[in-house]
Amino acid sequence: MKLTGSYALKVALVYAAVGALWILFSDATVEWLTGNTAVLSAFRDYKWWLFVTASSLLVFWLSWHALAEQGGLIRRLRQSAIVFERTHEGVIITDHRNRILDANPAFSRMVGRSEALLRGVDLATLHSSRHDSGFLDGIRNRIGEQGYWTGEIWNVAPDGSERPYQATVTYVGSGRDGQDQYAWIFTEITRLKDAQKRLEDLAYHDLLTGLPSRLQVGDRLRQLLAEADAEKRIAVLYIDLDHFRNVNDSFGHPVGDDLLVLVARRLQGRLPEGAGLAHLGGDEFLIYLEDVTDSAQAGECAVNMLKAIAEPFVLANRREVYVRASIGIAFYPDDAGSATELLQYSNAAMFEAKKLGRNNWQYFSRQLVRRADQRLQLDTRLRRALEREEFTLHYMPIMGGESAEELQGFEALLRWEQPDQKLMAPDEFISAAEETGLIVPLGRWVLEQACRQAASWQRLLDRPIPVAVNLSAQQFRTGRLFNHVERALEQSGLAPHLLHLEITESMLMEQIQTGQNLLGRLRQLGVHVSLDDFGTGYSSLSYLRRFDVDTLKIDQSFISDLVDNAADRDLVSAIISMAHCLRLKVVAEGVEQAGQLEVLRSLGCDNFQGFLFSPPFPPEHLGEWLRESAGSRSIGTHTDADGRRSSSQQSGSS
Ligand code: C2E
Ligand code: MG
Ligand code: MG
């Protein structure tokens, strides 16, 4: 029930009508109903009292209702007034000409004027100069369309500064003069804006070096490209420090961070005119040259940067470190048509520089894209091959003993058997599998398969058969290798000492600390570790001492010319002596001729592997190989000759 004037009039009219009806027809009705004159005369005596009683009850009931309603209204009004007074949001009511009719204390604090002084003030005079004269009209139009407006308004604060507010404006009906009125609610968002700005700064600047971040340099390149005319060429140099992980692993991350700051400063100091520098994250930097007339300019810049980086850096702990870098260069519009492509292609060129031995720079070429495409296709085929079980392992015997006629174990070598195609050797696909990460599930499969095979041969030949499995750096990095090894041994039942894991020096150099820990745990488990392709990498004696390995495998490149080349012979001799000093066994890889074997044996090499003994073969050929080799030489330990011969009679199938 609403207490309005029209409602009160309605009640009065109804009362007047009922009263008139009572006066006019009450006697006639009583007479008609009773037909008794005595009752009628008694009714006439009391009918006024009846009327007064009923009217009083009605008046009471209506007043009571109206008062209750009004009480509720007053309560609500009082609450609204409290909200208006006490809220931290600034609230004002304006008329249709944006003049303030009422303002709450929060708003008066926001603008530094009392509520009384604000009355009648034009709202536009409180706004910052960043809002133009049509701003308020725009708001009114929007309210006309959708009933409200919400957005950002900058007002002038009491100290004269300009502050941002989130404002909501709503139409609240018309005043006594019949003109529209509006309620404005202002929430200060200075802190929110500051936080937003800080976030933007964080995203736009690298915290460590203070240089522009990847995000900012991406925006800058996009802007440069948008402004570029047909003549303009832009060069991007993607810089990646070589083996930076070693610094982190050896000296710890804080020192690594120090070094990155020093590198950033040095690069900044040597930038040519019109160039910008950004830190993309980790050990990656980017330089862009805004106006390149000749590609040689970018090459020259790369050479200077490599020189700058090559000068020693002195760390906070006074240690001198030497850093190298690889740089890839791409041009707009020659190579790339967008900022994303510039980054992508210069990155591809940088990887090419890494592949070509690091510490150099390369221009991007279309060939790189083609190669990347081929890689992508190969990756898809490899994934499918793993699902379809097209991979298989071949095994290559490792021989040893006094006359190099005793079987010491096998090395498991991966092959890809594509339907109707020739067998593919790992060199053609391992690096692709490494790049895409597929090597991890593939390597796990190799581990499990090789352990199972070795265990099955052990049962078949009734003697332990060690198996060597090649690992990839990726497997080393995942942190799951230890579990995978444990599982493979558990599932196959192979004794840990019969599993020889082959790793390369570069794998260890990439992660010195993690590598050392992992090797330690594997050795504790009882697994043997061999350093593969020794001589092709760092071949550092100090590293050899540091890493806990059992066996050194001399790379085949040192073996091939062993007979004729005295230098190679000296080198192999030195490696063998050094390894023996460190109590390591030595395996020579790629032994193809009896002459090589002869020299190696004279130098004290322990074990041998190569086509002289056998090329790698599928497991089902074991029996055949055992039979063939049994004719010419013994294939087991001397104490075990009979057992071997009898086992070689069997099929040898897996
Ligand atoms: P690696 O571990 O050094 O393996 C020895 C390679 O030398 C094998 O090539 C073997 O066939 C070849 N070889 C051994 N003796 C001779 C010889 O007398 N003459 C000649 N010409 N070659 C010989 P393969 O099987 O093509 O493997 C190449 C490389 O691929 C391996 O080098 C290893 O680094 C990698 N690899 C093989 N299997 C796997 C695997 O399962 N996982 C990983 N991550 N890498 C693997
Ligand atoms: Mg190997
Ligand atoms: Mg090798």
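Rules of the game
Residues numbered from 1 in each chain as written. Chains lettered and ligands numbered in written order. Predicted model: local features only at pLDDT ≥ 70, side-chain atom pairs only at ≥ 80, totals over all residues. Heavy atoms only, no water. Domains from an automatic or database assignment. Donors = N, O, S within 2.8 Å, 3.2 Å for Na, K, Ca; no water. Buried < 20%, exposed > 50% of the residue type's maximum accessible area, 1.4 Å probe, protein only. Axes fitted to C-alpha atoms, helices over the stretch in contact; angles between N-to-C directions. Helix = DSSP H or I, 4+ residues; strand = E, 2+ residues; numbered from the N terminus. Parallel < 35°, antiparallel > 145°, perpendicular 65-115°, else oblique. Left-handed = near helix turned anticlockwise from the far one by under 90°. Contact = heavy atoms within 4.5 Å. pLDDT = per-residue confidence, 0-100. Phe/Tyr/Trp six-rings, centres within 6.5 Å; stacked < 30°, edge-to-face > 60°. Lys NZ or Arg CZ within 6 Å of the ring centre and 35° of its normal.

1. Here we look at the domain arrangement of the protein
Consideration 1: Its domain assignment divides the protein into domain 1 (5–84), domain 2 (88–194), domain 3 (205–373) and domain 4 (389–630).
Consideration 2: Using C-alpha coordinates to define each centre, domain 1 is positioned 110 Å away from domain 4.

2. What about the coordination of the magnesium ion (ligand 3)?
Consideration 1: Protein coordination at the magnesium ion (ligand 3) comes from Asp-532 (OD), Asp-533 (OD), Glu-589 (OE) and Glu-589 (OE), with a distance range of 2.0 to 2.4 Å.
Consideration 2: Mapping the donors of the magnesium ion (ligand 3) onto the primary sequence yields the spacing D-D-x55-E.
Consideration 3: A separation of 4.1 Å is found between the magnesium ion (ligand 3) and the magnesium ion (ligand 2), both of which receive a donor from Asp-532.
Consideration 4: You can call Asp-532 buried: its relative accessible area is 7%.

3. Focus: the coordination of the magnesium ion (ligand 2)
Consideration 1: At 1.9 to 2.2 Å from the magnesium ion (ligand 2) lie its protein donor atoms, namely Glu-411 (OE), Asn-470 (OD1), Glu-502 (OE) and Asp-532 (OD).
Consideration 2: When the donor residues of the magnesium ion (ligand 2) are listed from N- to C-terminus, their spacing reads E-x58-N-x31-E-x29-D.
Consideration 3: Judged by its relative accessible area of 2%, Glu-502 is buried.

4. Section: the packing of helix 1 (residues 5–34) against helix 2 (residues 37–86)
Consideration 1: Where helix 1 meets helix 2, the axes come as close as 11 Å, and the angle between the chain directions of the two elements is 155°. Between helix 1 and helix 2, the angle falls in the class roughly antiparallel. Handedness of the crossing formed by helix 1 with helix 2: right-handed. Residue-level inspection shows Val-11, Tyr-15, Gly-19, Trp-22, Ile-23, Ser-26, Asp-27, Val-30, Glu-31 and Thr-34 of helix 1 in contact with helix 2, the latter providing Val-39, Leu-40, Phe-43, Arg-44, Lys-47, Trp-48, Leu-50, Phe-51, Ser-55, Leu-58 and Leu-62.

5. A short note on the confidence of the model for the protein
Consideration 1: On average, residues of the protein score 88 in pLDDT, and 94% of them are at 70 or above.
Consideration 2: With pLDDT under 50 throughout, residues 634–654 is counted as low confidence; its partners more than four residues away or in other chains account for 48 contacts.

6. A word on the packing of aromatic side chains
Consideration 1: Scanning the model with the defined rule gives 20 aromatic pairs in all.
Consideration 2: Ring centres 5.7 Å apart and planes at 50° place the aromatic pair Phe-391 and Phe-429 in the tilted group. Of this pair, Phe-391 sits in strand 13 (residues 391–400) while Phe-429 is found in the loop between strand 14 (406–416) and helix 13 (430–436), placing the two residues 38 residues apart along the sequence. For the residue pair Phe-391 and Phe-429, the accessibility class agrees, reading buried in each case.
Consideration 3: Counting every residue linked through ring pairs, the aromatic cluster contains Tyr-395, Phe-410, Trp-457, Phe-617 and Trp-625.
Consideration 4: The positively charged end of Arg-130 is found above the aromatic ring belonging to Trp-154, 3.5 Å away from the centroid.
Consideration 5: When the ring centre of Phe-313 is taken as origin, the NZ or CZ atom of Arg-266, which lies over that ring, is 3.8 Å away.

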